[in-house]
Amino acid sequence: MAFVTANWNPLGEAFYRKVELYDMSWKLKESLREYLIAAAPYGGPIALLKGYQGRSPSTRPQLEIFSASGVPMASFPWKSGLVKQLGWTVSDDLLCVQEDGTVLVYDLLGGFKRHFSMGNEVSQSQVMETKIFHSPYGTGVAILTGALRFTLATNIDDIKLKRLPEVPGLEGAPTCWAVLTQDRQSKVMVANGYHLFILDNTSCTSVTPPGLSPQASSILHMCVSFSYKYLAILTDSGHVWMGTSNLKEKISEVDTNIRNPPKQMAWHEASQQSSVVIMWDRLLLVVGECKEIIQYPLDSDSVLVPEMDGVRIINETHHELLQEVPGACEEIFKIASMAPGALLLEAHKEYEKESQKADEYLREIKEQNLLAEAVKQCVEAAGHEYEPETQKTLLRAASFGKCFLSNFPPELFISMCRDLRVLNAVRDYTVGMPLTHTQFKQMTIQVLIDRLVHRKLYPLAIEVCRYLKTPEYQGVSRVLKHWACYKVQQKEESDEVIAKTVNMRLADASGISYSEIATKAYESGRTELAIKLLEYEPRSGEQVPLLLKMKKSPLALSKAIESGDTDLVYTVVMYLKNELNRGDFFMMLRNQPVALSLYRQFCKHQELNTLMDLFNQDDNHQELGNYYVKASYNEPRLEARVALLQSSVDEFNKAKNEFAAKATEEEMRLLRFQRKLEEAKGEPLLGFSLHDTITALLSVGLHKHAEQLYKDFRVSDKRFWWLKLKALAEKGDWDELEKFAKSKKSPIGYLPFVEVCIKHQNKHEARKYVSRVTPEQKVKAHLAVGDLQSATEAAIERRNESEINTVLSRCSATTDVILVERLNRAKATAAKK
Amino acid sequence: MASHLSYSRVNLNILREAARKDLREFLDKCSGSKAIVWDEYLTGPFGLIAQYSLLKEHEVEKMFTLKGGHIPSAAVKNIVFFVRPRLELMDIIAENIARFNYIHSHLCNLYIQNKCEDKLQPPRDFHILFVPRRSLLCEQRLKEKGVLNSFTNIDEYILDLIPYDSDLLSMESENSFRECYLENDQTSLYHTAKGLMTLQALYGTIPQIFGKGECARHVANMMLRMKREFAGTLIPTLPVFDTLLLLDRNVDLLTPLATQLTYEGLIDEVYGITNGYVKLPPEKFAQKKQEEGGKDLPTEPKKLPLNSAEELYAEIRDKNFNAVGAALSKKAKIISAAFEERHNAKTVGEIKQFVSQLPHMQAARSSLANHTSIAELVKDITSKSKKQSYLFIFVSRNSRSVILNSVLMQTSEVFFENLTVEQEFMTGVDTDKVCTYIEDCIAQKDPLIKILRLVCMQSVCNNGLKQKLLDYYKREIIQTYGYEHILTLNNLEKVGLLKPQSTMRNNYPTIRKTLKLWMEDTNEQACGFNPNDISYVYSGYAPLSVRLTQLLARPGWRSIEEVLKMLPGPHFEERQQLPAGLHKKRQPGENRTTLVFFLGGVTYAEIAALRFLSQMEDGGTEYIIATTKLINGTSWIKSLMDHPEAPLF
């Protein structure tokens, strides 16, 4: 503990430290300089390609992939063309850029994934230099060709090649260049001697960094910071210019007194004292903005890996992290620090020693009201420490301090404990991911799990998910899915075994998409396995697209139906319609009533003819009949209409629907009758119902014809009487009405006569019929013609209470006093009975 | 604006807010000014979610109705189509876009030739929003028409269950019954299941599911499957609902056929309530200005919202219409008494308090005026006798005094006779004979839907009609109303509303007796004023669907196994596992909450009956109602017709 500050070096106001991450477990046969190297940021893997240059083509170079701790993950002889550059994508894929501009993509276990080309122009003029860069849009590749032109792809997952404009005056390779992302665009900064240019899609702009010391005649090296915000330039006068990458502001300029070109430069963006780390063969300089420099001698070839919060240094035997000491750590561990965190740590130490000094320290913090601050510092510092022992000491101190606070929120402490447990697990050299807490927070737990999955560390990934209580579908289930996708590609096991194992493991996990796994199986040529796996898929809908792809259409159809999603059923049906011949298509539908009725709906709106075929196939005569009926209404010509109706009669007969057949025949007869009469009398009748036809005939006085229809179509007497009554009243043909009333005994009684007359305001006519009304309806009839007197008589005579009431309600208390009295008396006697 | 949604036990405003959030998110996705082209059918349901003001806030500047030909020109950046996933609509959209592109390119050329590039309008961004779900079939159609690539955004707006009132959800899916039972197209059931999943995501898993009917079974199956599918993606929430009851409309075909006799039900029967609004003849709502004599009456129908946001309406909507007059006059007395208070207000403090209550009182007064008018309108149609009807106490807007306004009611015997026949059928009187009233109505060519409602009712109450009788009615109908109705009759037979009697015994009387569907004794005193049974909503008839719901809560369906077997479709019970720790600990005396879902529609009277059950003191269960669509006999029969016709009254 006392030695925490042993590896600290002051730089301006701040301190820098170099933390040992790993003893590299790789056994390299040669010096690192013999290799082409690419190390991924965020503690990612390291790829090495030995003997990549100047060897005879017969000796195959070896491509090796290691974890950051030097544990071998893959190794295979390189069989393709000459590799100019290696690099890692944001999703842990290895990019190998060949001289001819082809980029090969491997996963981090050495599996070939795909390749793509950087375009004709590149392959013709060959790759001279390459840089692989990361931006918010993904991983990009920038190439300088033999023709001294730059070609750029911003995102290798969505390749859009951009050829940048020419750099004026460039005759040989530029002294140095870098890619930066500005204004949502990737640009290239090129130095040609002392001149600096920025290339974007359309233009090449000459630029000068503000305040660059004039002694220099050439720019030797440049580097852009992790965030693309800052730029550092090293000139042949030994000066390092530091400024913003938009070249608007100079931050500092420092003389290193070294005029050799360096091997590598990296920015370290820090909270207090940012710096540029420059590496020569045996020397490493940390050049601070404050113009101070820290020197580290190097004993062997090294590689710098810039990170967001430091620079990693890898050499043949060691792996270190160089970074500014984080604020909280500095506060606590700085010698003679009186920061609250430092005091709390001290207090806790004394407490462990069972010394009363603990209380003194604690009081001192509490008096300043800084205990909460102290706890926070300790927790934060623990996050930045690499040694579990140091972490524990700090966390214990924090926990101790927390006891004296009444309402300190526990989340901070708890989540730090959790994070550290996970971080320590992945930092273990067997896993080899030296993530800092800051990096971990930046990359998120999701990405960390992805990385573990890429390394096929499924059990660890699941443990992490469970431990961090990640929601199942984002955590455990997702890991299991990846595992299963990997599993189904293992060719040596039988379909049965794999399907069983997969299902066993995945049984309890929720939200698993078996169809994704099945797709993977199908893609690796295992259709049978895919079908087996699909059976476990709870989402029937998800199964459908893959089943269609595998040409298992009957199964796809039944799964679509099972899902209940009718749109999906339609999709399959339409697919089948195009895929199968009509006969087979209909047969398949026939076995799936749900699909069939949906398809019928579709046809009803879109393809009427097909609808008919469908009904024909099913011998559905009733529906065929209906179909012809509907069709007949679209037919303006009578003959065609009748013909269609005849077809429906035939169908209705076949369907044994006697009623419909007869009704249709009647309609045909009616239509013919209407036509005949229209021609003879010029009355428009066609399309009227029988009822309306008769009414129309009566209203124009064609009584005989009306009579004929009445007889021919066996219209019920009641209806005919009503009809004629209303028609005649409408017409005001009162004589005819009277004649009609007398023609024979009315089947509807005579009250309707009274009422209809009244409705047409003909009280006089109405009275004629009152006498013929049956006794039961007499009261109503009298009331209808407004004869209160007679109504009263009738009601009293019938001794019917409700009728008496009805009459009463129509009597006015002032004018009909006598009647009211009589009625009330009668009511009383009626009630007595 | 929608605060009334949060009044009830279950805060349905959460659902509405969720829907609004989705809408805003979509609108913001199309940045810049926009015009919405509406599938006309959707405007009503959307009105329940968001007013124009919300759209305006998100830069919606114009709204059009989707139709063939050109899109009206509008100087906006985005054109957004809000449509149901229907092929015929896709064709219209494709035509719109093709024309737009043609004209646009034409104009461009013209301007470029004439060197007036400055006049060039920028091309529009097209977007399409499918409601409630996007459809591969439709996208395929757009692709075939070559316009799929013209769309910047193709999205879906999942709008299944729309909060309609504080205890009512509706999918506003007009043809759901027709699709499910006539056309065997179960799309709406899929949406139902999806909607219930959304509901469960917001309000927690519903532990118990009961159901009766084929469609109910299908929905329950889909829900259980979806539960497995979504497993793990749902955030566990404490369940709000204890039980879900799924009921097929075809389990109870009778209830919607009967004329509803609650206040709200009658408004719906007479004027029709659409998407929570009713349109009324304006005469009765004319401002009463004595001097001018009210000569110039408004001609536009008066459109009023009907929901529980209005205190008075919430109070009277579910009453039997007979009791509404009394309730209104009581209310009038209270209000006028409240206004009289001002004479007693002596101190400044008292006056201040009085003034603070004024807005509320004035709202109550205008609400009273509105409902008095509506009640008068309804009364004109339904009043039983020719005597002077209830005295409505009417608070006039202008005069400060309370005027006693006696309203002489017009008679309508038609309504009364119709009701008598309905009640005869429901009590099983002469259901196997030709009904002279129906005969007379046909002979007089009364509206067809009225006839169909009655004939269907007779058939349902007799468990089918004798073939001869059925054929007789059918023949009468065809001869009177026209041959084309043979299709409608065929449809009614397919869904079971009309059927020939099979050899089986008529089981309706057994059902009626076991379930106590007819409550003779409660009739007069109870139906109107102090009901003690749900039968008050139909003045004697207790809706079968609600009776089933009631019996499920107590004593349970096991007691009526026999009757359940007589009704169509399976009945079932499912349990959904709750995550540990989410089991509700019920306080003693705390009510259970049941969601009753009517597949194929529900009437206002049924809702009233369920609300009545919720309010019963010893009921023990509160009901939230969900449905595919709010229906009444007329709208229901109309949806089954192939040639719709004028409404009933």
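Residues numbered from 1 in each chain as written. Chains lettered and ligands numbered in written order. Predicted model: local features only at pLDDT ≥ 70, side-chain atom pairs only at ≥ 80, totals over all residues. Heavy atoms only, no water.

Student: Where do I start with the overall build of chain B in this structure?
Tutor: Across its full length, chain B holds 24 helices and 17 strands. Classification of the 649 residues of chain B by burial places 57% in the buried group. Intrachain contacts of chain B at a sequence separation of at least 6 include 79% that bridge at least 24 residues. Accessible area of chain B: about 27700 Å², with a carbon and sulfur share of 52%. (Helix = DSSP H or I, 4+ residues; strand = E, 2+ residues; numbered from the N terminus. Buried < 20%, exposed > 50% of the residue type's maximum accessible area, 1.4 Å probe, protein only. Contact = heavy atoms within 4.5 Å. Areas by Shrake-Rupley, 256 points an atom, 1.4 Å probe, with all protein chains shown as cover.)

Student: Which parts of the structure should I look at to understand the UniProt feature "domain: Vps16 C-terminal" (unreviewed entry) in chain A?
Tutor: UniProt feature "domain: Vps16 C-terminal" (unreviewed entry): in the numbering of this structure it lies at residues 512–827 of chain A. Regarding residues 512–827 of chain A, the helix share stands at 77% and the strand share at 0%, and the terminal C-alpha atoms are separated by 82 Å. (UniProt positions renumbered as here; feature names shortened; annotations may be inferred.)

Student: Any chance you could explain the pairing of strand β2 (residues 14–23) of chain A here in plain terms?
Tutor: Moving residue by residue along a regular strand, the side chains alternate between the two faces of the sheet. Residue and element names in this part refer to chain A. Among the ten residues that make up β2, eight are buried, leaving the element largely enclosed by the rest of the structure. Looking at chain direction, strand β1 (residues 8–11) and β2 are connected through four bridges and run antiparallel. Each residue of the ladder has a partner; that of Asn-9, found in β2, is Tyr-16. Between the antiparallel neighbours β1 and β2 lie two residues, among them Gly-12 with a positive phi of about 60°. Both β2 and strand β29 (residues 318–324) contribute to a ladder of seven bridges, which runs antiparallel. Bridge pairing links Arg-17 to Gln-323 in β29. (Pairing = 2+ DSSP bridges.)

Student: How should the interface of chain A and chain B be read in this particular structure?
Tutor: For an interface, size is often stated in terms of accessible area lost upon the parts coming together. Chain A puts 52 residues into the contact, and the matching count from chain B is 47 residues. When chain A packs against chain B, close to 4300 Å² is buried across both sides, 53% of that on carbon and sulfur atoms. On the chain A side of the contact with chain B, Phe-659, Arg-719 and Trp-722 of chain A bury the most area, a combined 15% of that side's loss. Linking chain A with chain B are seven salt bridges. For Glu-562 of chain A, the salt bridge goes to Arg-225 of chain B, with nearest N and O atoms at 4.0 Å. (Buried area = accessible area lost by both parts, 1.4 Å probe. Salt bridge = Lys/Arg side-chain N within 4 Å of Asp/Glu carboxyl O.)

Student: Which parts of the structure should I look at to understand helix α14 (residues 540–549) of chain A?
Tutor: Helical geometry note: an α-helix holds 3.6 residues per turn, so side chains three or four residues apart project in the same direction. Restricting attention to buried positions, one finds in α14 of chain A the residues Ser-540, Gln-543, Val-544, Leu-546, Leu-547 and Leu-548 of chain A. Elements in contact with the buried residues of α14 of chain A: α12 (514–523), α13 (527–534), α15 (553–563) and α16 (566–579) of chain A together with α8 (214–230) of chain B. Immediately beyond the C-terminal end of α14 of chain A, within one or two residues, lies Lys-551 of chain A, with a positive phi of roughly 65°.

Student: Looking at this model, I keep getting lost on unusual backbone geometry. Mind explaining?
Tutor: Excluding glycine, residues mostly carry a negative phi; peptide bonds, for their part, are mostly trans. Residue and element names in this part refer to chain B. Cis rather than trans, the peptide bond between Val-131 and Pro-132 has omega equal to 0°. Within the secondary structure, Pro-132 sits in the loop between β4 (125–130) and α5 (136–144). Between Arg-554 and Pro-555 the backbone carries a cis peptide bond, its omega angle lying at 5°. Looking at where Pro-555 falls in the secondary structure, it is placed in the loop between α21 (544–553) and α22 (561–566). One non-glycine residue with positive phi stands out, namely Asn-275, at about 45°.

Student: Can you walk me through the side chain of Asn-320 of chain B in this structure?
Tutor: Residue and element names in this part refer to chain B. Residue position: Asn-320 is located in the loop between α11 (311–316) and α12 (321–344). Residue Asn-320 is classed as buried on the basis of its relative accessible area, which comes to 2%. Among the polar contacts made by the side chain of Asn-320, one reaches the main-chain carbonyl oxygen of Tyr-536 at a distance of 2.8 Å. (Polar contact = N/O pair within 3.5 Å; in protein donor to acceptor, adjacent residues only side chain to side chain.)

Student: What am I meant to see in the sheet that holds strand β24 (residues 275–279) of chain A here?
Tutor: The pairing of strands in a sheet comes from backbone hydrogen bonds and takes either a parallel or an antiparallel form. Residues and elements named next belong to chain A. The strand order across the open sheet formed by four strands is β23-β24-β25-β26, and the pairing between neighbours is antiparallel. The open sheet has two edge strands, β23 (264–268) and β26 (293–297), and neither has a second partner. Across the sheet, the mean angle from the axis of one strand to that of its neighbour is 15°, orientation sign disregarded. Here strand β25 (residues 283–288) runs beside β26; their pairing, made up of five bridges, is antiparallel. (Axes fitted to C-alpha atoms, helices over the stretch in contact; angles between N-to-C directions.)

Student: How should the sheet that holds β2 of chain A be read in this particular structure?
Tutor: All names here are of chain A. Taken together, the five strands give an open sheet; going across it, the order is β1-β2-β29-β28-β27, and neighbouring strands pair in antiparallel fashion. What marks the edges here is a single partner per strand, and that holds for β1 and β27 (302–307). Taking each pair of neighbouring strands and ignoring which way they run, the sheet shows an average axis angle of 25°.

Student: Is there a simple way to think about the pattern of salt bridges in this case?
Tutor: A pair can form between side chains of opposite charge whenever their charged atoms are brought close. Under the criterion given, the structure shown has 81 salt bridges over all chains. Measuring nitrogen to oxygen at the nearest pair gives 3.7 Å for the salt bridge that ties Asp-301 of chain A to Lys-263 of chain A. Taken together, the positions of Asp-301 of chain A in the loop between β26 and β27 and Lys-263 of chain A in the loop between β22 (250–255) and β23 put the pair 38 residues apart, joining distant regions of the chain. Among the ionic pairs, Glu-25 of chain B bridges to Lys-21 of chain B, the shortest N-O distance being 3.8 Å. Placement of both Glu-25 of chain B and Lys-21 of chain B in helix α1 (residues 13–29) is noted, with a separation of four residues, approximately one turn of the helix. You can call Lys-21 of chain B partly exposed: its relative accessible area is 47%. Connected via shared salt-bridge partners are Asp-165, Asp-167, Glu-264, Arg-317, Asp-318 and Arg-611 of chain B.

Student: When you look at the packing of aromatic side chains in this model, what are you seeing that I'm missing?
Tutor: Per the counting criterion, the structure on display carries 40 aromatic pairs over all chains. With a centroid separation of 5.5 Å and an interplanar angle of 40°, the aromatic rings of Tyr-514 of chain A and Tyr-536 of chain A are classed as tilted. Note that Tyr-514 of chain A is positioned in helix α12 and Tyr-536 of chain A in the loop between α13 and α14, a separation of 22 residues in sequence. Accessibility expressed as a relative area gives 6% for Tyr-514 of chain A, which makes it buried. A cation sits over an aromatic face here: Lys-303 of chain B above Tyr-277 of chain B, 4.7 Å from the ring centre. (Phe/Tyr/Trp six-rings, centres within 6.5 Å; stacked < 30°, edge-to-face > 60°. Lys NZ or Arg CZ within 6 Å of the ring centre and 35° of its normal.)

Student: Can you help me understand the domain arrangement of chain B in this one?
Tutor: All names here are of chain B. The domains assigned to chain B are domain 1 (3–159) and domain 2 (160–252 + 543–648). One C-alpha centre belongs to domain 1, the other to domain 2, and the line joining them spans 33 Å. Taken together, the 21 residues of domain 1 in the interface contact 28 residues of domain 2. In this structure, the salt-bridge partner of Arg-133 is Asp-160, at a minimum N-O distance of 2.8 Å. Linking domain 1 with domain 2 are six residue pairs in polar contact (both at pLDDT 80 or more), by the criterion used here. Of all elements in the fold, only α1 and α2 (40–47) reach the threshold of two or more residues within the side of domain 1 that touches domain 2. With four residues, α1 is the largest single contributor of residues to the side of domain 1 that touches domain 2. (Domains from an automatic or database assignment.)

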